[in-house]
Every structure is written in structure tokens, then in C-alpha cells.
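Structural characterization, general
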Amino acid sequence: MRKFKTESKKLLDLMINSIYTNREIFLRELISNASDAIDKLYLKSLTDASAQIDQANLAITVTPNKDARTLTISDNGIGMTAEELEKNLGTIAHSGSEEFKAANADKQGDAVDIIGRFGVGFYSAFMVAKEVGVVTRAFGSEECNRWTSDGVEGYTIEAVPVDDPAFRQTAGSDVILTLKDNADEASYDEYLEEYTLKDLIRRYSNYVRYPVQMMVTKSRQKEKPEDAGDDYKPEWEDYQELETINSMTPIWKKRGSDVTPEEYNEFYKSTFHDWEDPARTFSLHAEGTLEYDALLFIPGKAPFDLYSRDYEKGLELYSSNVLIMEKCADLLPDYYNFVRGVVDSADVTLNISRETLQQTRQLQAMERRIEKKVTSELESMRDNDRDDYVKFFENFGRGLKYGIYQSYGMKKDELGGLLLFWSAREQKYVTLQEYAEAMPEGQKAVYYAAGDDRDRLAKMPVVKAVLAKGYDVLLCTEDVDEFCFQAMRDFEAKGLPKTYEDDAAREAAQKAQADGAEPETEDRTLELKNVSSGDLDLATEEEKKSAEETAKANEDLFSAMKEALGEDVVTKVTVSARLTAADDAPSCVSAEGPVSLEMEKVLSAGPAPEDIKSQRVLEVNAAHPVFAKLQAAQQAGDKDKLALYTSLLYDQALLTEGLPVADPVTFAQNVCKLMA
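Quick notes on the rules
Residues numbered from 1 in each chain as written. Predicted model: local features only at pLDDT ≥ 70, side-chain atom pairs only at ≥ 80, totals over all residues. Heavy atoms only, no water. Helix = DSSP H or I, 4+ residues; strand = E, 2+ residues; numbered from the N terminus. Buried < 20%, exposed > 50% of the residue type's maximum accessible area, 1.4 Å probe, protein only. Pairing = 2+ DSSP bridges. Core = buried A, V, L, I, M, F, W, Y, C linked by side-chain atoms within 4.5 Å. Contact = heavy atoms within 4.5 Å. Expected span 1.5 Å × (residues − 1). Axes fitted to C-alpha atoms, helices over the stretch in contact; angles between N-to-C directions. Parallel < 35°, antiparallel > 145°, perpendicular 65-115°, else oblique. Nonpolar A, V, L, I, M, F, W, Y, C, P; charged D, E, K, R; others polar. Salt bridge = Lys/Arg side-chain N within 4 Å of Asp/Glu carboxyl O. Left-handed = near helix turned anticlockwise from the far one by under 90°.

A word on unusual backbone geometry. A positive phi angle, near 55 degrees, is found at His273, a position not held by glycine. Residue position: His273 is located in the loop between helix H6 (261-272) and strand S10 (280-286). Phi is positive for Arg489, close to 70 degrees, though the residue is something other than glycine. Looking at where Arg489 falls in the secondary structure, it is placed in the loop between helix H13 (481-488) and strand S19 (490-497). Exposure remark for Arg489: the relative accessible area of 61% places this residue in the exposed category.

This is how it looks when you write it as C-alpha cells:
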């Protein structure tokens, strides 16, 4: 027995037990090696007139033998001599394919795609085999040799006699794996099962450029005997047929004009196990220092676990048509986690196991390009197919909003334009840009209301008050909306009609337009304001002055009301500058500071500390008849009645905001007291 070169026992043990994390990839590695062997022969036929081959017969064959417990992977490639066996398999981590690739770099072109790189893939066979044999015959040689090893100490190389059944009549190699005995932790018999082998071939080697064939069992109906009577029942029989398991040509490398939408849809559904057609299909091809092809899909519907902790994002990553990772998470940002697809590149730097990548800068470059492509497709859908985009946004919009919040607003420029919100005035979904373009002159902010129900939000007094001013309100019903807007702080609207500081400048611009000049436009930064915030600042100077005078004249009343509610309930009771008509609501609750009412509600429903509360302000409508009742109770010195009225007003305002009252029993009792 010949010893392996290098520190064989330690290194071979490393190959078998440490490099690979998934034992089933052994078949991927052996099929890739077989593909390289055929590629080498094919390239030789292109450069050597004496090496003529029938390209149609080039194939890889997988043959399981349950009785002998062997699995054989055969190819009709270039084969190896005894010296090449010694060099390639006797020296661990020597890559004949990598050496061949370097020597023929100027000859390969697109017709040859050598996969092997590290010289260790072959040894993955020992993860499932207790003995591996390689019977090979080099192209143009009359000799056939056998390499055998148990993967422990060393190997043997011997000539195969011509009368030996194992002797190959043509060039190529047979890799024969004698599988390990079954154990409690692993059943190796599964690698002899037809279903398992077909699954592994299609999963990892479906796009190897040569046919991967296997004898499969099929069933057919027997011919009806001529003398069969009327009561004859059809009989069935099993038979064996050589079948090509892989599809060979990747759909993402075909020209778009050669693939129908139906074929793309079928590929998407079968590959990603979805029963709906994708909402969008698009591809990109990158050239330069890093070349790759990508075929991407936006699903038609969100998977049930998209927003769960167990959901895994990622694109399928191929290298030279061989699957490397089923979900490469580094190719997508989190907010585009819904995108599915494949990326194929021969240039990515793989680790020795070819299961993970080494250079993150390559991934970063690919991710940036893919992100831009996805953004571009979404913008196109938004602008040209709004109905489809609305459906998309209802499925995946939450993730875009969370992307802005998670990045602390740094992604607002990239994602802000993709967001949709329901317009209370337009009664449809609009973008922030469309909201800005429809604003009346003088509006300086984007107004929104956050809650859990669109109809209830539309009925809120503060929303009605803003609408009455002529300003639209965005009705936001997802729990992430408030956090998204807080992270954004503002939105830069593009190309809005220019605002003028004085009438003279406005008149001059109007005259210029009348003479044929284009209307002047400007980009404007708009603050995002919750209509329930304390600093809304929509009142006119007259309304502000009236509210200040009323508040000053009723300081004692408001102090008594605040005392009745308690210091820990509200920070202030004051006259409302937003509720100014007798038919408006009698009161409302607003919030001062960074924590809004909606944020408090969302946080209180989660695991956040209980002390995260908004600074609540009770605003009273001085024009409402109820205010006169409050004044009368204060003037009469009836503290109990004032406390009752105050408590009811506050609880009523909370319910209007969609917030729970602190004590439902007390609220019910107060209603009964009022009725009595």
C-alpha cells in the first residue's frame, strides 16, 4: 500500500470530517469531477485533430447497486493514467482541474467550464463510503488502472486485466463507493434509493452541462391478451429505463427572447415551491471583474412565515451551474427578503468546501447591484402598473417600512419613494411624492394619523380638523408605521411648484409663465407630523390668540381638572387650538415629546418596559357646550361633578384615539352617575 503524501492521516481526516457540513454534497462533488473530465476531453477534441469524439454521447451515469451496497458514478471523459492517479488522488489537495484550467485558460471560451478548484471534492466520498475505488482509462491509452483506498492510511494503484469485468473498453472513469454500514445516527442506504439520488442530482447538479443519467423504475400497462374476455382487468408491470435526470441548460443563461413567461413561471413555482405565478420576473447580467447572471422573482403573495423569526431570506447561489448555497442571505438586504431567485457566477471566491464564500466584498458588490435592480423594478411597477403594485405593497410593504426603521432612517431616500399610504381625501393609496404634489400652497408638512382601523381613524376629531383646513391626512394602520415615520422625520419631495416669499415675486413668475416660460419648481423637505402630536401648529393667529386668552381666563379650571386626573395621567390640560367649533368633539388627547400615543400602544403590547409612556395632554374644545358645564361646576365649587366630567371627557378622548381606558369599571359607573 502506498502512503498518501503530506500529513495524510490528519489531513484526510480533516477532509472527511471537518470541511463539509452536509454529507449529501458528496454526489455534487463527484458529478462535478465527472463533468470536468468530460470538459477536458471536449477541449482536447477542439485543439487536437486526432481526438475526435461524438459529443452527443458525452454523459455521466449514476448506478446504485443495493445488493453490493455500491454507488458508481461513471463518465466517458478524458480518464487518467497510473501516473495521473498517483498525482491527482495520491496527493491530497492537488487539483488536476485547477491545473488544467490554468494551463488552458486561453483556449476554454464558453464551451468549457471547469468546476473543480481545490482538489478535495473527491475525498468527500469518504463521508459516506468505507472504501472508494476509481477504475479509469486515459483517452488514447490501452491500459486501465484501478485506485483503491479506505480513506485511512493510503491507497493502492494496480492495472486492471483485460479479462476483468471492471476493465473499461473506452476512455473515462468509474468512481465506485462501497457505502458505510448503517448506524444509529445515519442511514447510508438512502444513497442507494432512486428517489434520493434523483432529488440530490436535481438539487445540486441540475444544470451541469452534460446529461446525468440513471436507470429508473417506471410502470406501464401490459398489452391486453388477444383471448382476454370482457371481464379482463388491466395489468401493470415495472420496467427499467435510462433517464436523464438533470435539465442541463439553466434558464437564467438563455436569452430572454427564447423563454416564454409561462416557462419562467413554471421554473419559479417548481423551484421555490409556490403555487402562484410571480408578480414580476426580471434578470440581470453583470460583466467586468465580477461576472454573474441573476434571475429574480417578486412573489405574487407573501409566504405565511415571512414575518416570523424562522423565515430565512436568500437567493440560490450557483458557481459554474453547480448549486453552492440554497439560501445565500448576503445577496439581499433584509427589506428585500421576499425576493426569490438564483445567482450564478464562476468568479465568486468559495471556501474549500464550496459551501460558503470567502470574500465579502464580492458579495457586497453583487448585493448592491441586485438591490438597485429590485428597486428599479419596483419603481417601474409603481409607476406603470399601480394595481399590481398595490397588491405587492399589501403583501410586502411592512418590510420596506421596517427597513427604514431598522436603519434609523438612513434608507429613507432609497425606500421612502416606494411606500404607499391611504389618503383620507383621495380615498386611495398614494405615495409621499403624490401627497406632496397635491398639497395646497402654504402646506409645510405631511400629516398622518396612526391606528389600527382606517374607518375609525377617518372619524377621529383631530383628523377631521386637519381635513377641514384643506390638508390631506394619511391613514396608517400598521404597527410599524409610526416607528417608520419617526425614523424618517421628513421627506424630500421633488419638483414641487416653487413658493414665493412675496406677491411681487409671485406676480413676476406668473407673468413669465404667461410669456411661455416653464413653471418654476423646487425640491422641498417636508416634516412628517402625526395629527395627534402636540405641536401640530395648524391654528391661525386668531385661533391661537383666542385659545391663549381662554386658557389664561380658566387657569383654575384646568388646574382642577389636571388634579382630578392625576399628575401621572396627563402632563397638561389646556384649550384646544385644533377643535374650535361647537360641532367638533368636546375634547381630544394629544402627546408631547418623542413617544406618540400610537407608539405607546404598540410598545405596551410587546415586551417593552412598562414605564414607556407618552406625555399626554387633554385638549378641551372651548366652543363646545360641555365646556360651559365644566365652567359652571368649577364656579359652583362642585369638585365631585367637575371630577366626574373630567374623567368622562378623558376616557371618551382615549376611546376615540383607539386607546384603552385605565379602569373600564369606573368608566361604566361614571356613565351611570351622569345618566342618574
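Once you've had a look at it, read on.
What follows concerns the pairing of strand S7 (residues 172-179). Regular strands place side chains that alternate from one sheet face to the opposite one. Of all eight residues in S7, six are buried; the element is thus mostly enclosed. When strand S3 (residues 70-75) meets S7, the two strands line up antiparallel, connected through six bridges. Following the sheet pairing, Ser74 is matched in S7 by Asp174.

Tyr336, Phe338, Leu378 and Phe392 are the most contacted members of the largest nonpolar core, which has 78 residues in total. The element that contributes the greatest number of residues to this core is helix H8 (residues 386-406), accounting for seven residues. Those residues in contact with Leu378, other than ones at most four positions away along the chain, are Ile298, Tyr336, Phe338, Tyr389, Phe392 and Leu418. One finds Leu27, Leu200, Tyr264 and Phe272 within the second-largest nonpolar core, a separate group that totals 59 residues.

As a further point, take helix H14 (residues 503-514). Taking 1.5 Å per residue, 12 residues should reach 16 Å; H14 reaches 16 Å between its end C-alpha atoms and fits that length. Gly516 sits one or two positions beyond H14 and adopts a positive phi of about 110 degrees.

This part takes up the sheet that holds strand S16 (residues 429-430). Read across the sheet, six strands follow the order S16-S15-S18-S17-S20-S19 without closing on themselves; strand pairing throughout is mixed. One side of each edge strand has no neighbouring strand; the edge strands of this open sheet are S16 and S19. One ladder, built from two bridges, connects strand S15 (residues 421-423) with strand S18 (residues 474-476); its direction is antiparallel. The partner of Ser423 across the bridge, within S18, is Leu474.

Another point: the sheet that holds strand S14 (residues 340-344). Across the sheet, five strands lie side by side as S10-S11-S14-S12-S13; this open sheet has mixed pairing. Edge strands, defined here as strands with exactly one partner in the open sheet, are S10 and strand S13 (322-328). This sheet shows a mean twist of 15 degrees between the axes of neighbouring strands, independent of strand direction. With seven bridges joining them, S10 and strand S11 (residues 292-298) adopt antiparallel strand pairing. Within S11, the position partnered with His285 by the bridge is Asp293. Strands in contact with H6 are S10, S11, strand S12 (315-319) and S14; relative to S11, the strand with the most contacts, it is inclined by about 85 degrees.

The next thing to look at is the packing of helix H16 (residues 555-565) against helix H18 (residues 625-635). Where H16 contacts H18, the axes come no closer than 10 Å and their chain directions differ by 90 degrees. On the basis of their axis angle, the class for H16 and H18 is roughly perpendicular. Contacts between H16 and H18 pair Asp556, Leu557, Phe558, Ala560 and Met561 from the former with Phe627, Leu630, Gln631 and Gln634 from the latter. Considered class by class, the residues forming the contact of H16 with H18 number six nonpolar, two polar and one charged.

What follows deals with the pattern of salt bridges. Overall, the coordinates contain 42 salt bridges when judged by the stated rule. Close ionic contact of Asp164 with Arg146 constitutes a salt bridge, the shortest N to O distance being 3.5 Å. One end of the pair, Asp164, is in the loop between strand S6 (154-159) and S7; the other, Arg146, is in strand S5 (residues 145-149), and 18 residues separate them in sequence. Within the structure, one salt-bridge network assembled from shared partners comprises Arg398, Lys401, Glu478, Asp479 and Asp481.

Glancing now at the packing of helix H19 (residues 639-656) against helix H20 (residues 664-675). The interhelical angle for the contact between H19 and H20, taken along N-to-C directions, is 125 degrees, at an axis separation of 10 Å. The angle between H19 and H20 places the two elements in the oblique class. Of the two possible hands of crossing, H19 and H20 adopt the one that is left-handed. The residues of H20 that touch H19, namely those facing Leu644, Tyr645, Ser647, Leu648, Asp651 and Leu655, are Phe667, Asn670, Val671, Lys673 and Leu674. The class makeup of the residues in the contact of H19 with H20 is seven nonpolar, two polar and two charged.

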